[in-house]
Amino acid sequence: MSVPSLSHYINGERVSAKAEHASENPSDTRDIVARFPDGRASEVDAAVAAARKAFPAWAESSPEVRSDFLDRIGNIILERREQLGRLLSREEGKTLPEGIGEVARAGRIFKYFAGEALRRHGQNLASTRPGVDASTTREAVGVFGLITPWNFPIAIPAWKSAPALAFGNTVVLKPADPTPATAAALADIIYEVGVPPGVFNMVFGGAAVGEAIVKHPGVDGISFTGSQATGAKVGMGAMARQARVQLEMGGKNPLVVLDDADLDRAVMCALDGSFFATGQRCTASSRLIVTNGIHDKFVEALAAKAAALKVGDALETGSQVGPLVNQVQMEKTLSYLEIAGKEGGRLLTGGKQLKLDKPGWYVSPAVIADTSQDMRVNREEIFGPVASTVRVKNYEEALQIANSGEFGLSAGIVTTSLKYARHFQHNIRAGMVMVNLPTAGVDYHVPFGGTRRSSYGAREQGFAAVEFYTQVKTAYVWG
Ligand code: UN1
């Protein structure tokens, strides 16, 4: 099979450039998914110029026009979910059911925002002055630079570009390096439905392209999902020129398991949150905080289930955990396992590089017991299939530990007690709280985001997206 060479999308055209990089299948690195170019600042300039030129007509188009485009994009994504899911899983390494599920989510996101495009988001208010009307309208902002990660290579580009486009903005997307083919498939669909040239542009590349977008005076807003370190730089760069900015960064999400929890439910939540998508989710449960009475039973049951998970080629039927996305992520995961060992953690299962019948970045799901909050494994985001457990006396101690650390994205509690569930919901310092549910796996029509070092700026998704992708105009009228 010939390997496709991907092109940037600028002004409705495929712009080819020397394909300097290859995207590899992490399940079998002999398989090259695509070759793709490394963008330059000049390509970012051209993409921003195209997006600026397209902006006025797109912003002024009937919301029905934008709604129809988004609906068609969503329908095509849903129709092709099998094929796109296969491409996603082949390129990113999550299992095929997870890949298809993510594609379906992307399709639904476009369809949701097809509806939102039509909704009026303004308010009418009585002025304090008689005879005066006060009202607000929400207007398109301009050009948005979208910088997206590899772990949700279609859902995150969808959940940033769909609201941007719905509300009349134009877009320059920089997809993540490891997953260019999945992003290119989305761009192809966007153009297939006839979106006008320049409305959606995509430039491949690494940090230099990201930086060029962030610094570009023609970019009005930036939405970023990725690591905390890069996010901090994106934020500084945007603020240096007062561009609006939204950052979604890491998590170190706690899952609290109380004595009164349903054991099976607790194990299911931990297993899903910690190991599905190979632990490569910013919402993954990585700190399992367990009270004394259930601790040993829970840890033993979790380790047994984790050991039984079938790690394998993402595209093979029966695989439950795919590989890490690349060698860098695999080595990072293994290095944290070593650190955990040195810090006194007790590895109960997994944590080994697996040599299957093909070259891939496989690591067996790891459960590390007897860890404490001050250990690096409980403070730094690993982004791999690693769960550590912390034993606590009671709910109060569990809450205090769950609230420790720099991040505050998602947090979960497994309990049958309404009192503790409710208290946790109100007192956990996190943007999302899950009761008897895994910390990962979110709906597409409700706000997404965290507190502290996890997020910055407006929430994403659902009705919250209107905040970021529009600007408010307040009108006073006397007459
Ligand atoms: C989910 O848990 O369903 O990058 C979504 C991430 C998040 C998305 C998680 N922004 O992992």
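Residues numbered from 1 in each chain as written. Predicted model: local features only at pLDDT ≥ 70, side-chain atom pairs only at ≥ 80, totals over all residues. Heavy atoms only, no water.

*Asks:* Help me out: how do you make sense of the overall build of the chain in this one?
*Replies:* Helix and strand counts for the chain stand at 14 helices and 24 strands. In terms of its C-alpha atoms, the chain occupies a principal-axis envelope of roughly 70 × 65 × 40 Å. For the chain, the proportion of its 479 residues judged to be buried stands at 59%. Here the chain displays about 19100 Å² of accessible surface, and carbon together with sulfur accounts for 52% of that area. Side chains of the chain give 51 positive and 50 negative charges; the mean places of these two sets differ by 3 Å. (Helix = DSSP H or I, 4+ residues; strand = E, 2+ residues; numbered from the N terminus. Buried < 20%, exposed > 50% of the residue type's maximum accessible area, 1.4 Å probe, protein only. Areas by Shrake-Rupley, 256 points an atom, 1.4 Å probe, with all protein chains shown as cover. Lys, Arg positive; Asp, Glu negative; His and termini not counted. Charge placed at Lys NZ, Arg CZ, Asp CG, Glu CD.)

*Asks:* So what exactly am I meant to see when it comes to the nonpolar core here?
*Replies:* Note that soluble globular proteins tend to have their nonpolar side chains buried in a common cluster. Ranked by internal contacts, the top residues of the largest apolar core, which has 68 residues, are Ile 73, Ile 77, Phe 110, Phe 113 and Met 202. The element best represented in this core is helix α6 (residues 180-192), accounting for 9 residues. No fewer than three residues from each of domain 1 (8-249 + 445-478) and domain 2 (253-435) sit in this core. The residues touching Ile 73, leaving out its near neighbours within four places in the chain, are Phe 110, Ile 189, Ile 190, Val 193 and Val 195. Phe 275, Leu 288, Ile 294 and Val 299 belong to the second-largest nonpolar core, a separate cluster that totals 24 residues. (Core = buried A, V, L, I, M, F, W, Y, C linked by side-chain atoms within 4.5 Å. Domains from an automatic or database assignment. Contact = heavy atoms within 4.5 Å.)

*Asks:* How should I be thinking about the packing of aromatic side chains in this particular structure?
*Replies:* Each aromatic ring pair is characterised by the separation of its centres together with the angle its planes make. Across all of its chains, the model carries 12 aromatic pairs by this definition. Between Tyr 112 and Tyr 444, the ring centres sit 6.4 Å apart and the planes meet at 75°, which makes this aromatic pair edge-to-face. With Tyr 112 in helix α4 (residues 96-116) and Tyr 444 in the loop between β21 (432-435) and β22 (451-452), this residue pair connects regions lying 332 residues apart in the sequence. The lysine or arginine in question, Lys 94, covers the ring of Phe 152, its NZ or CZ lying 3.8 Å from the ring centre. (Phe/Tyr/Trp six-rings, centres within 6.5 Å; stacked < 30°, edge-to-face > 60°. Lys NZ or Arg CZ within 6 Å of the ring centre and 35° of its normal.)

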